[in-house]
Amino acid sequence: MARKLLFDLRVKAEEGAVRLYFGKTTPLFQSDPGDRDPLVIRIYRKEEPAFEFGRDYGEYFIGLDVADAELIYEGRLEAVDARMYSYTDRTVKVGGTYAYWVSGDRGDIPVGPVPVRLRDTEIWWPQAKVERYMERLAATYADQVATRSFGRTIRGRTISGLFVGNMQNCIALVGLVHAGEAGPELILPAIERLLREHADLLRHVGVAVLPSVNIDMRELQVLGEPSYLRTNYNGVDINRNFPANWETIDHSYGQDTSNPHVSTYRGEAPSTEPETQALMAFIRQTAPRGVFSFHSLASICGDTFLTSKYAAGDSEFTGKCLQLIKAYSHGFALGEAYKIQFHYGCRAGSLPHWLYAESGIPGFDLEWDRREQSKASLVDETTRQMLEEYQTRHYHGIASVLQWLHEHPAEQAAQL
Ligand SMILES: [Zn+2]
C-alpha cells in the first residue's frame, strides 16, 4: 500500500533519552471510539555520526533509506485517545545524531526520517535550569542580586536577567543572541563565583546579566534539533535587527541581510523583534560601561573581541575598547602568554554597532579565541572539561574587568 498509516512524527531529546510522538491517520477526521484494529508498530533508527554541526542542515537527512536502518522496536503500543502514540528509546548515547522512521504492519510506507541529536544538558542548559539558577542566586545573595524581566520572546517566554552588585558602575553580559552559541553556561557560574569570592568588589562595581536572549530557538537545540540555529522564531537575526545603519544591506557569510530566507535576515524594519527590544530595554536601564555579548558555538566562546566595523579610525572609542579588552584577556589567560584579539567586525544592525552609534558604549561580540583545546566546540563537540575551563577563564576575565572598573571610575577613565 502506498499510503502512510502514521503521521506527525516528532522526535525529541528529553531527559537523556529520545522520545517519539506520532499518530494514526483516520479517514475524514473520524474519531475512533476504540483502537479496534490495532497496528503493530515498527520503529527504525539509523545513527548518523558523520553529521557535522555548522556544516550540515536538515537536507542532510533527506533521502536516507529506511532499508539501511535498524529495526529497534516491533509490537503494539498503547494509543492515547485511540490514535496517538509515544515511544521512548533509551538505547541512545549522549552526543549521538539519529534518524527515525515509524510504520504500521499493513505494508504501509514508513514515515521519516526525522532527525534528533541527543545533547548533554550539562553543556546545553535547558531554559528551566537557567531560570532556577538565577532564582537561586537571587535567594542566596539577596542583598547583592535582583532579578528583572525585560520582555518576552515571540513564543511568550520571559526574557529575564540579574542586576548584581553596585549598578552605578557596571558592565553588561549578554548570552544567546544566537541560539546555537554561548551564554548562560559561561555567564552564570562566573557570576556565582564573583558573589562568593568578590563580595567586597561588588559593593563598588556591578554586572547586569541577560544570559538567554533567543530562548525560543535555544530550546529547540536542547530538544534535539541537530542543525545550528541562529535566528529567532520569526527567522530574524537579532544581531542584524538593531536600529543602527539597519538600512545598509550587508553580505556577511555570503548572505544578503535583506533576504528573508537567509539566517542573517535583518527583519522587515529596525527593532521589530521582541528579543531586540528586550535587549535595548536592558541596556537603557543599566547604562553599562562595556557590553560583552557571548557568541561562537555550542556554549563556548573565547576572548576574541569584535566591535562595530564603523568604529575603525575612531581612536578615542578604540582606546576605551582596548582598556576593557586588555583587562579581560589578562584575566582570561590564567597567567599564560596571550595576545589581544580585537577586530572591527560587527555589522549594520548588530548590538555592538547600535551601542557605538547610540551611546558610544564599547560593546563586543565574543568569538572563538583560536585556542586548540576549544576547537571541537565549533562542531558541537564541547566537553564538560572544556566548558569548565572556559567557565574559569571567563570568571577571571570578568573579575579582571571589574577590578579595572573599580580602579578607574568613569570620569577618571575618560581622561586617560
Ligand atoms: Zn553569533
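All figures in this text were calculated on a predicted structure; none of them were measured in a lab.

## Concerning the nonpolar core
Argument step 1. Ile 191, Phe 292, Phe 294 and Leu 402 are the most contacted members of the largest nonpolar core, which totals 59 residues.
Argument step 2. Element by element, the count of residues in this core is highest for helix H7 (residues 384-407), at 10 residues.
Argument step 3. Other than its neighbours up to four places away in sequence, Phe 294 contacts Leu 173, Val 174, Gly 175, Leu 176, Ala 182, Gly 183, Leu 186, Ile 187, Cys 301, Tyr 328, Leu 366 and His 394.
Argument step 4. By size, the runner-up hydrophobic cluster in this structure holds 25 residues, among which are Met 167, Ala 172, Ala 244 and Leu 355.

## Let's talk about the sheet that holds strand E4 (residues 70-75)
Argument step 1. Strand order in the open sheet formed by four strands is E4-E3-E6-E7, and the pairing between neighbours is antiparallel. With partners counted over all chains shown, the strands left at the sheet margins are E4 and strand E7 (111-117), one partner each. Within the sheet, the average angular offset between the axes of one strand and its neighbour, ignoring direction, is 20 degrees.

## Re the confidence of the model for the protein
Argument step 1. Across the protein, the average pLDDT comes to 96, with 98% of residues at or above 70.
Argument step 2. As a predicted assembly, this complex carries a pTM of 0.96 together with an ipTM value of 0.99.

## Side note on the environment of Leu 202
Argument step 1. Here Leu 202 lies in the loop between helix H2 (184-197) and strand E11 (206-210).
Argument step 2. By relative accessible area, which is 1% here, Leu 202 ends up buried.
Argument step 3. Those residues within four positions of Leu 202 in sequence are excluded, and the remaining contacts are Gln 144, Val 164, Gly 165, Asn 166, Leu 194, Leu 195 and Leu 402.

## Digging into the packing of aromatic side chains
Argument step 1. Under the definition given, this model contains 21 aromatic pairs.
Argument step 2. The interplanar angle of 85 degrees and the centroid separation of 5.2 Å between the aromatic rings of Phe 150 and Phe 282 together place this pair among those described as edge-to-face. In this pair, Phe 150 is assigned in strand E8 (residues 145-152) and Phe 282 in helix H4 (residues 274-286), connecting sequence segments 132 residues apart. Across this residue pair, the class does not change: Phe 150 and Phe 282 are buried.
Argument step 3. Members of the aromatic cluster, each reached through a chain of ring pairs, are Phe 292, Phe 305, Tyr 328, Phe 332, Phe 364 and Tyr 390.
Argument step 4. We note Arg 393 situated over the ring of Tyr 390; from NZ or CZ to the ring centre the distance is 5.9 Å.

## Remarks on unusual backbone geometry
Argument step 1. Of the consecutive residues Gly 112 and Pro 113, the connecting peptide bond is found in the cis state with omega at 0 degrees.
Argument step 2. Relative to the helices and strands, Pro 113 is located in strand E7.
Argument step 3. Positive phi, normally seen in glycine, also occurs at Ala 82, with a value near 65 degrees.
Argument step 4. For Ala 82, the location among the structural elements is in the loop between E4 and strand E5 (84-89).
Argument step 5. For Ala 82, a relative accessible area of 10% puts it in the buried group.

## Comments concerning the pairing of strand E6 (residues 97-103)
Argument step 1. Counting buried positions along E6 gives seven out of seven residues, so the element sits mostly inside the fold.
Argument step 2. Because side chains alternate across E6, one face comprises the buried residues Thr 97, Ala 99, Trp 101 and Ser 103, and the other comprises Tyr 98, Tyr 100 and Val 102, equally buried.
Argument step 3. Relative to E6, strand E3 (residues 41-47) runs antiparallel, the two being bridged by six bridges. In the strand pairing of E6, Arg 42 is matched with Ser 103.

## Quick word on the coordination of the zinc ion
Argument step 1. Protein-derived ligands of the zinc ion are His 178 (ND1), Glu 181 (OE), Glu 181 (OE) and His 295 (ND1), with the metal-ligand distances lying across 2.0 to 2.8 Å.
Argument step 2. Viewed at the metal, the four donor atoms of the zinc ion are separated by angles of 51 to 145 degrees, and the geometry they form is irregular.
Argument step 3. Within one chain, the residues serving as donors to the zinc ion are arranged as H-x2-E-x113-H.
Argument step 4. For Glu 181, a relative accessible area of 5% translates into the label buried.

## Comments concerning the side chain of Arg 289
Argument step 1. For Arg 289, the position within the fold is in the loop between H4 and strand E12 (291-294).
Argument step 2. Residue classification places Arg 289 among the buried residues on the basis of a relative accessible area of 18%.
Argument step 3. Among the polar contacts made by the side chain of Arg 289, one reaches the side chain of Asn 169 at a distance of 2.7 Å.

Conventions used here
Residues numbered from 1 in each chain as written. Predicted model: local features only at pLDDT ≥ 70, side-chain atom pairs only at ≥ 80, totals over all residues. Heavy atoms only, no water. Core = buried A, V, L, I, M, F, W, Y, C linked by side-chain atoms within 4.5 Å. Buried < 20%, exposed > 50% of the residue type's maximum accessible area, 1.4 Å probe, protein only. Helix = DSSP H or I, 4+ residues; strand = E, 2+ residues; numbered from the N terminus. Contact = heavy atoms within 4.5 Å. Pairing = 2+ DSSP bridges. Axes fitted to C-alpha atoms, helices over the stretch in contact; angles between N-to-C directions. pLDDT = per-residue confidence, 0-100. Phe/Tyr/Trp six-rings, centres within 6.5 Å; stacked < 30°, edge-to-face > 60°. Lys NZ or Arg CZ within 6 Å of the ring centre and 35° of its normal. Donors = N, O, S within 2.8 Å, 3.2 Å for Na, K, Ca; no water. Tetrahedral: all angles 85-135°; square planar, octahedral: opposite > 155°, others 65-115°. Polar contact = N/O pair within 3.5 Å; in protein donor to acceptor, adjacent residues only side chain to side chain.

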